[in-house]
Each structure stands twice: as C-alpha cells, then as structure tokens.
Amino acid sequence: MTLNKHQIQGLTAFNCAVLDSNTFEILMTQAGYSISGSAPAQSNRIKVWWIHNEYPRV
C-alpha cells in the first residue's frame, strides 16, 4: 500500500509513501486495529489484513 495515496480511518493522513513495519504496526495498534491474517505477497513481502470494531478492514 502506498501510504500517502490512501486514507486509513482512525489515523491521520500520511506524508510519506513508505513506513517501516514496526512503526506502522504501532500506529495501527494504537488506533484500535488488530491483525486478522497474513499471506505471502510479491517481491518477498507479506500481505497483512487489519480489522477494527468500527472501521472497514485494511
């Protein structure tokens, strides 16, 4: 996900296109999201789905 091209509900808009995974996970957890699953993705990446009680899945 190119962060500065998407809006994640519960988080302020991102000014950067990329963010290290630890920082992103902390921001998502603080906003009330939790990981619902993951799977391998292209280029040695991991796809992660985040869920929230009020907001749509990311």
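As a reminder, the structure under discussion sits directly above these lines.
Before we go on, may I ask you to explain the overall build of the protein in this structure?
Per the secondary structure count, the protein includes one helix and two strands. In sequence order, the secondary structure elements of the protein are arranged as α-β-β. Its C-alpha radius of gyration of 11 Å places the protein within 12% of the 10 Å reference for a compact globule of 58 residues. Across its three principal axes, the protein shows a C-alpha extent of roughly 30 × 25 × 20 Å. The proportion of buried residues among the 58 residues of the protein is 17%. Taking the intrachain contacts of the protein between residues at least 6 apart in sequence as the baseline, contacts between residues at least 24 apart amount to 15%. Within the structure as shown, the protein displays about 4600 Å² of accessible surface, and the carbon and sulfur contribution to it stands at 48%.

Looking at this model, I keep getting lost on the packing of aromatic side chains. Mind explaining?
Two numbers describe a pair of aromatic rings. These are the distance of the centres and the angle of the planes. The full count for this structure, using the stated rule, is three aromatic pairs. Through successive ring pairs, a cluster of aromatic residues spans F14, F24 and W50.

I keep staring at the layout of surface pockets and nothing clicks. Help me out?
A water-sized probe, rolled over the atoms, reveals where empty space remains. Of the pockets and cavities examined, the largest pocket occupies roughly 610 Å³. As for the largest pocket, its lining consists of 18 residues, and the residues nearest its centre are M1, F24, I46, K47 and V48. Those elements giving two or more residues to the lining of the largest pocket turn out to be α1 (21–30), β1 (34–41) and β2 (45–51). Ranked by the residues each element gives to the lining of the largest pocket, the list is headed by β2, at five residues. When the residues that make up the lining of the largest pocket are grouped by side-chain class, the tally is twelve nonpolar, two polar and four charged.

Conventions adopted
Just so you know, the residues in each chain are numbered from 1, in the order the chain's sequence is written. Note on the predicted model: pLDDT of at least 70 is required for a residue's local features to be given, and 80 or more for side-chain atom pairs to be given and counted; whole-chain, interface and lining totals, by contrast, use all residues. Heavy atoms from the whole structure form the basis of all side-chain values; hydrogens and water molecules are not counted. Under the DSSP-based scheme used, a helix requires at least four consecutive residues in state H or I and a strand at least two consecutive residues in state E, with every element numbered from the N terminus. The quantity called the radius of gyration is restricted to C-alpha atoms. Its globule counterpart is 2.2 Å times the number of residues to the power 0.38. Relative accessibility decides the category of a residue: with a 1.4 Å probe and only protein chains considered, values under 20% of the type maximum give buried, values over 50% give exposed, and everything between is partly exposed. By the convention used here, residues are in contact when the closest approach between their heavy atoms is within 4.5 Å. To measure how exposed things are, a 1.4 Å probe is used in the Shrake-Rupley method; for residues, cover is taken only from the protein chains shown. Paired rings are identified among Phe, Tyr and Trp, the last through its six-membered ring, by centres lying within 6.5 Å, and are further divided according to the angle between planes into stacked (under 30 degrees), edge-to-face (over 60) and tilted (the rest). Two kinds of site are reported from a 1 Å grid over the protein atoms alone, namely cavities, where a 1.4 Å probe fits but cannot get out, and pockets, open sets with protein on both sides within 12 Å along at least five of seven lines, and residues are called lining when an atom falls within 4 Å of a point. Grid points are joined across faces, edges and corners, and a volume is the space filled by probe spheres set on the points. Residue polarity follows a fixed list, in which Ala, Val, Leu, Ile, Met, Phe, Trp, Tyr, Cys and Pro are nonpolar, Asp, Glu, Lys and Arg are charged, and the others, Gly among them, are polar.

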